[in-house]
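# Structural features, examined
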Amino acid sequence: MTLEERRAWIRLVVAVLGYAVYLVVVLGRVDGGPLVSVSYAGPLLWTVGGAIALAVLAEIGFAVANPRASQLKDDRDREIGHLGDQAGHPFVVIGALAAMLMALADWAPFWIANVIYLCFVLSAIVGGVAKVVVYRGSVPEW
Amino acid sequence: MKPTRVTNRIRALRFAHDEMTQADLADRIGVTRQTLIAIEQGRYSPSLEMAFRIARVFKVPLDDVFDYPDSEDPQ
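Residues numbered from 1 in each chain as written. Chains lettered and ligands numbered in written order. Predicted model: local features only at pLDDT ≥ 70, side-chain atom pairs only at ≥ 80, totals over all residues.

Before going further, it helps to spend a moment on the environment of Asp67 of chain B. All names here are of chain B. Relative to the elements of secondary structure, Asp67 occurs in strand S2 (residues 66-67). For Asp67, a count of 13 C-beta atoms within 10 Å gives the class partly exposed. Measuring from C-alpha to C-alpha, the distance between Asp67 and Arg14 comes to 17 Å, with 53 residues separating the pair along the chain. (Helix = DSSP H or I, 4+ residues; strand = E, 2+ residues; numbered from the N terminus. Buried ≥ 20, exposed ≤ 12 C-beta atoms within 10 Å, placed from the backbone.)

Printed below as a string of structure tokens:
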């Protein structure tokens, strides 16, 4: 597995784990009241920050455990990277547009923040899945 | 989106050149071994520059390494 493929796997797993932890924590705080009254900001910031830190630590851990593994990034890695980014990018745009419309319609900050977070996570997951699928299969020709 | 139609003789050329390993060839053209495997198996179509680097390692013309079918087969 190349450095970039391993990185794609790490980011995919961390994105799923981070969001799963966030959902468990936030939904665990629902105490019969409305969802918008749940304290979500702390878990959101901690899981976003924790996911970034975990990804960095995992990459460092793999590098330390396999010091002779190739650190090379070549044309194929770059092409697959672009392809994955293109697959995930629409969700970032959807999240931004949805947040803008929700803000204009005076939605609660809870929903706006959660739509943005969900779209970031979907972008990471779709982009990550696209990358690992192409790494395992073939780079498509357009 | 379609798979590459470029075929190659890299595997045969490696064996003809003292059974050069995939790792050796990958090192010489500056790509990962996984990328070389993908090229050999027709799962990745290399850039023109990379194709020239591969041909130069074997000291043969590009046409001796890569082939592209003449006719467009209906998909």
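On we go.
For the rest of this paragraph, the subject is the packing of helix H2 (residues 22-29) of chain B against helix H3 (residues 33-40) of chain B. Residue and element names in this part refer to chain B. Where H2 meets H3, the closest approach of the two axes is 8 Å, and the angle between their N-to-C directions is 105 degrees. Taken as axis vectors, H2 and H3 run roughly perpendicular relative to one another. Residues Gln22, Ala23, Leu25 and Ala26 of H2 touch H3, and the partners they reach there are Arg33, Thr35, Leu36 and Ile37. For the contact of H2 with H3, the residue count by class is five nonpolar, two polar and one charged. (Axes fitted to C-alpha atoms, helices over the stretch in contact; angles between N-to-C directions. Parallel < 35°, antiparallel > 145°, perpendicular 65-115°, else oblique. Contact = placed C-beta atoms within 7 Å. Nonpolar A, V, L, I, M, F, W, Y, C, P; charged D, E, K, R; others polar.)

Time to look at helix H3 (residues 75-104) of chain A. With 30 residues, H3 of chain A extends 43 Å from end C-alpha to end C-alpha; this agrees with the ideal 44 Å at 1.5 Å per step. Buried within H3 of chain A are the following residues: Arg76, Asp77, Ile80, Gly84, Gly88 and Gly95 of chain A. Contacts made by the buried residues of H3 of chain A are with helix H1 (3-28) and helix H4 (109-136) of chain A together with H3 of chain B. One or two positions beyond H3 of chain A, positive phi appears at Asp106 of chain A, with a value near 60 degrees. (Expected span 1.5 Å × (residues − 1).)

Time to look at H3 of chain B. What H3 of chain B keeps buried is the set Gln34, Thr35, Leu36, Ala38 and Ile39 of chain B. Against the buried residues of H3 of chain B lie H3 of chain A together with strand S1 (7-8), helix H1 (10-16) and H2 of chain B. Once H3 of chain B finishes, Gly42 of chain B follows within two positions and takes phi at roughly 75 degrees, a positive value.

Our next topic: the confidence of the model for chain A. Put simply, chain A has an average pLDDT of 93, and 99% of its residues get 70 or more. Per-element averaging of pLDDT across chain A places helix H2 (residues 41-65) of chain A at the bottom with 94 and H4 of chain A at the top with 96. (pLDDT = per-residue confidence, 0-100.)

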